[in-house]
There are 2 protein chains.
Amino acid sequence: MRPKLTLKQIAKELDVSISTVSKALRDSSEIGEETREKIKAFAKFYNYKPNNIALSLKNRKTKTIGIIIPEIVHHFFTTVISGVEKVANEMGYNVIICLSDNSFDKEVINMEMLANGSTDGFIMSLAKETMQKGDYHHLIEAISQGMPLVLFDRVVDQILCDKVIIDDVLGAQKAVQHLVDIGCKRIALISTVDYVSVGKLRTQGYTLALEENDLEVDEDLILKIEEMEESEDKIERFLRDKEVDGIFAVNEHFAISAIKYLQEHGKRVPEDVSVIGFTDGELSKRFIPSLTTVSQHGTRMGEEAARILIEKLEKTPGEDEQYRTVIVETGLVKRNSTKSLK
Amino acid sequence: MRPKLTLKQIAKELDVSISTVSKALRDSSEIGEETREKIKAFAKFYNYKPNNIALSLKNRKTKTIGIIIPEIVHHFFTTVISGVEKVANEMGYNVIICLSDNSFDKEVINMEMLANGSTDGFIMSLAKETMQKGDYHHLIEAISQGMPLVLFDRVVDQILCDKVIIDDVLGAQKAVQHLVDIGCKRIALISTVDYVSVGKLRTQGYTLALEENDLEVDEDLILKIEEMEESEDKIERFLRDKEVDGIFAVNEHFAISAIKYLQEHGKRVPEDVSVIGFTDGELSKRFIPSLTTVSQHGTRMGEEAARILIEKLEKTPGEDEQYRTVIVETGLVKRNSTKSLK
DNA sequence: TTTCAACACGAAAACGATTTCGTGCCAGTA
DNA sequence: TACTGGCACGAAATCGTTTTCGTGTTGAAA
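Rules behind the numbers
- Residues numbered from 1 in each chain as written.
- Chains lettered and ligands numbered in written order.
- Predicted model: local features only at pLDDT ≥ 70, side-chain atom pairs only at ≥ 80, totals over all residues.
- Heavy atoms only, no water.
- Helix = DSSP H or I, 4+ residues; strand = E, 2+ residues; numbered from the N terminus.
- Contact = heavy atoms within 4.5 Å.
- Areas by Shrake-Rupley, 256 points an atom, 1.4 Å probe, with all protein chains shown as cover.
- Lys, Arg positive; Asp, Glu negative; His and termini not counted.
- Charge placed at Lys NZ, Arg CZ, Asp CG, Glu CD.
- Buried < 20%, exposed > 50% of the residue type's maximum accessible area, 1.4 Å probe, protein only.
- Pairing = 2+ DSSP bridges.
- Right-handed = clockwise from strand over helix to strand, strands pointing away.
- Near = heavy atom within 4 Å.
- Polar contact = N/O pair within 3.5 Å; in protein donor to acceptor, adjacent residues only side chain to side chain.
- Nonpolar A, V, L, I, M, F, W, Y, C, P; charged D, E, K, R; others polar.
- Domains from an automatic or database assignment.
- Buried area = accessible area lost by both parts, 1.4 Å probe.
- Salt bridge = Lys/Arg side-chain N within 4 Å of Asp/Glu carboxyl O.

Counting its secondary structure elements, chain A contains 14 helices and 12 strands. By principal-axis analysis of the C-alpha atoms, chain A measures approximately 85 × 40 × 35 Å. Looking at chain A alone, contacts between residues at least 24 apart form 71% of all its contacts between residues at least 6 apart. When the accessible surface of chain A is summed, it comes to about 15700 Å², and 49% of that surface belongs to carbon and sulfur atoms. Mean positive and mean negative side-chain charge positions of chain A (45 and 56 charges, respectively) differ by 7 Å.

This part is about the pairing of strand β8 (residues 246-249) of chain A. Residues and elements named next belong to chain A. Judged by which residues are buried, β8 turns out to be covered on both faces: Gly-246 and Phe-248 on one side and Ile-247 and Ala-249 on the other are all buried. Pairing analysis gives 4 bridges linking strand β6 (residues 187-192) to β8, with the strands arranged parallel. If you follow Leu-189 over to β8, its bridge partner there is Phe-248. Both β8 and strand β9 (residues 274-278) contribute to a ladder of 3 bridges, which runs parallel. Considered in β9, the bridge of Phe-248 is made with Ile-276. Chirality of the crossover, the property in question, places the unit of β8, helix α12 (residues 252-264) and β9 among those that are right-handed.

Right, let's talk about the protein's contact with DNA strand D for a bit. Surveying the vicinity of DNA strand D reveals 29 residues, the closest of which are Thr-20, Lys-23, Glu-30, Gly-32 and Thr-35 of chain B. Here, DNA strand D places atoms within 4 Å of the protein, and 59% of those atoms are sugar or phosphate. The contact in question runs from a phosphate oxygen of DNA strand D to an N or O atom on the side chain of Arg-60 of chain B, over 3.0 Å. Put simply, the parts of the chain that give the surface near DNA strand D at least two residues each are α1 (7-14), α2 (18-25) and α4 (52-59) of chain A together with α2 (18-25) and α4 (52-59) of chain B. Looking at the surface near DNA strand D element by element, the count peaks at 4 residues for α2 of chain A. Among the residues forming the surface near DNA strand D, the class breakdown is 10 nonpolar, 9 polar and 10 charged.

For the rest of this paragraph, the subject is the environment of Thr-207 of chain A. Relative to the helices and strands, Thr-207 of chain A resides in helix α10 (residues 197-212). In terms of polar contacts, Thr-207 of chain A uses its side chain to reach the backbone carbonyl oxygen of Thr-203 of chain A, at 2.8 Å.

All names here are of chain A. Under the domain assignment, chain A is made up of domain 1 (7-50), domain 2 (62-166 + 298-327) and domain 3 (168-296). Of note, the centres of domain 2 and domain 3, computed from C-alpha atoms alone, are 30 Å apart. Each partner contributes residues to the interface: domain 2 has 11 residues there, and domain 3 has 13 residues. Counting the surface lost from both domain 2 and domain 3, the interface buries some 1100 Å², and carbon and sulfur atoms represent 55% of this. Sorting the residues of domain 2 by area buried against domain 3 places His-75, Lys-128 and Ile-166 first, and these three jointly supply 48% of that buried surface. In this structure, the connection of domain 2 to domain 3 is made through 0 salt bridges. Where domain 2 packs against domain 3, one counts 3 residue pairs in polar contact (both at pLDDT 80 or more). Among the elements of the structure, α5 (75-90), α7 (128-133) and α14 (298-314) are those that each provide at least two residues to the side of domain 2 that touches domain 3. Residues of the side of domain 2 that touches domain 3, tallied by class, amount to 5 nonpolar, 3 polar and 3 charged.

A word on the pattern of salt bridges. All names here are of chain A. In this structure the tally under the stated criterion is 36 salt bridges over all chains. A salt bridge links Asp-280 to Arg-335, with the shortest nitrogen-to-oxygen separation between them at 3.2 Å. Remark: Arg-335 occurs in the segment after β12 (331-333) and Asp-280 occurs in the loop between β9 and α13 (282-286); sequence separation between them is 55 residues. When its relative accessible area of 17% is taken as the criterion, Arg-335 is described as buried. Through salt bridges with shared partners, a single ionic network connects Lys-86, Glu-303 and Arg-307.

On the chain A side, the residues contacting the 54 residues of chain B number 54 residues. Buried area between chain B and chain A, summed over both chains or domains, comes out near 4800 Å², and the portion from carbon and sulfur atoms is 55%. The largest contributions to the chain B side of the interface with chain A come from Ile-53, Asn-116 and Arg-286 of chain B, which together make up 16% of the buried area. A salt bridge links Glu-112 of chain A to Lys-49 of chain B; the nearest nitrogen and oxygen atoms lie 3.7 Å apart. Viewed at the interface, chain A and chain B are joined by 15 residue pairs in polar contact (both at pLDDT 80 or more). The element that contributes the greatest number of residues to the side of chain B that touches chain A is helix α5 (residues 75-90) of chain B, accounting for 7 residues. Its residues placed into classes, the side of chain B that touches chain A shows 20 nonpolar, 22 polar and 12 charged.

Here you go:
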């Protein structure tokens, strides 16, 4: 086992001082050409690379950014991560990922861990539990310590920081409008509970679209689901006695559960009922019928978030504390779970 | 903006030396009770937390482990990550993730970055390009520097290190055996090219199962796919003029493409053709018909890999250089894409 | 011959923590 | 009185860098 080479060892080996080695490697004109070349040749030969930890300590920056997300086994989040990774890498940053598991405590612990010098800034999407509690002291703490924070997707108004979101209201509205356009009259909504911001906003979009088309908003046609696990049951019970010709669901899973139930009970999709989901994942693409969805462009969100964060990190601090909220446009990907426009 | 508290500041504030503060916070008996309590109270009040970077430098360990995987937008890898995360967190480790994008160069760069002090060890699955080139100098380099390495899934015999794999041969064999058991006679294989180890091994399993049942191995019934993008085309062309009653595919996507083609051409699954995939993802579960698959237990692989790595990290180095290869059992999850046993 | 700049390099501080080794003081003992 | 031994604390080294500020040598100008 050959341990890593350090400046000190090079210095001893070549019988010069540590400072000389450091300067030579950084091409300082202070060092004579001969010595400089000798040192550089030696370092190259033995593949010297400066120790990141020492550099981080010295420079007080780690060149790594921390991502904290509720879960990773979720297509949307992985696309965001790959977006972040991409621009982070291009800019010479590393990415360190922590999962909150949708637990408030884990989110706090992870954040405190990373805040103690491990990262220069954060990109986060909040845990469900955090939003429910409304306790954001850890975010405030980090910001007040001068760590830039970019929230995405699951954001919260009370926190002043940069944000990358999609226009959930508009996305939902466009989806429901499309259902109206293809002739649906009784459109159901399958959403999550309101304290998850996206649930609330997408519900707003749904309502808005109906109102704009002078359709009545019937509370009976709205289902709010709390736990992923109970979703299939709830959706079955919900659809059992309803006559609907359109369904807007706030994610792929709800949409597919609905389709399954419908098909098992003699309804055809899209002939009898048109269904639209939210978030464009593998499932939507390959399900039969393939799903019409609102696409969230996770990769773009990740790229955007990383760009904003790094920009903040590289700017001299103090000046111009402006926070931006970037809205990434949603698209409606039309596939086979909706009738085509007449 | 209030910058982070350091030992030095506490020392100045309380008019004691830095060493005293450090010792007091670590409950050293060297420090008088009164002083100790005073310091601890102060630190607690201002929420002092030691700087990770400084600790890393001092202790020469970072308490973080690096994961390098080919891609993250892939259900199997995310389950592995969440497994690693879980046990890493329990043991007080952080996880830093890098993506190689299946590129050899990116893999090398990422690895060198992380090896310069950022992590204590690696958990990796090799990039396709790396396996193709057969160039593993970066792995050897890391190992020779004393960084433990655990390979999983896409591993390679030439490298001496711990490994976590599934028994691809057996998994495939069991799958094909099941097809035989339910009465299939002409079983096709849709696989990836051989230099990806899993492609080769699963092909072996396929062959083995056929031979054991005295069925002929017909090269005409074997398709090897190089690029994900061309898979649908290739599968369609492959199936066009074939009479098969069973298909074993080495991943979900190939399986589903096959089913799609069959259904569009008047065959029923599973009545006319039974299909089995490999890797149990969201898609398999929710596709209609839901897919019978060989489940890889990614979470368990991640947990296992993390456990092995951390064990290595916490053992005093030098002694007992034994490398293990853990084989995680596969399971056959029977769903609706295969006929049931008579 | 003296003086001074330029050159080439080294010493030391700093980043934030831990730890070893002193050291000053006081009480107790011979 | 002189010595010993705790006690409570501080100084300094250390981890691996970078960077500021010397400092000794040389050659040229005065």
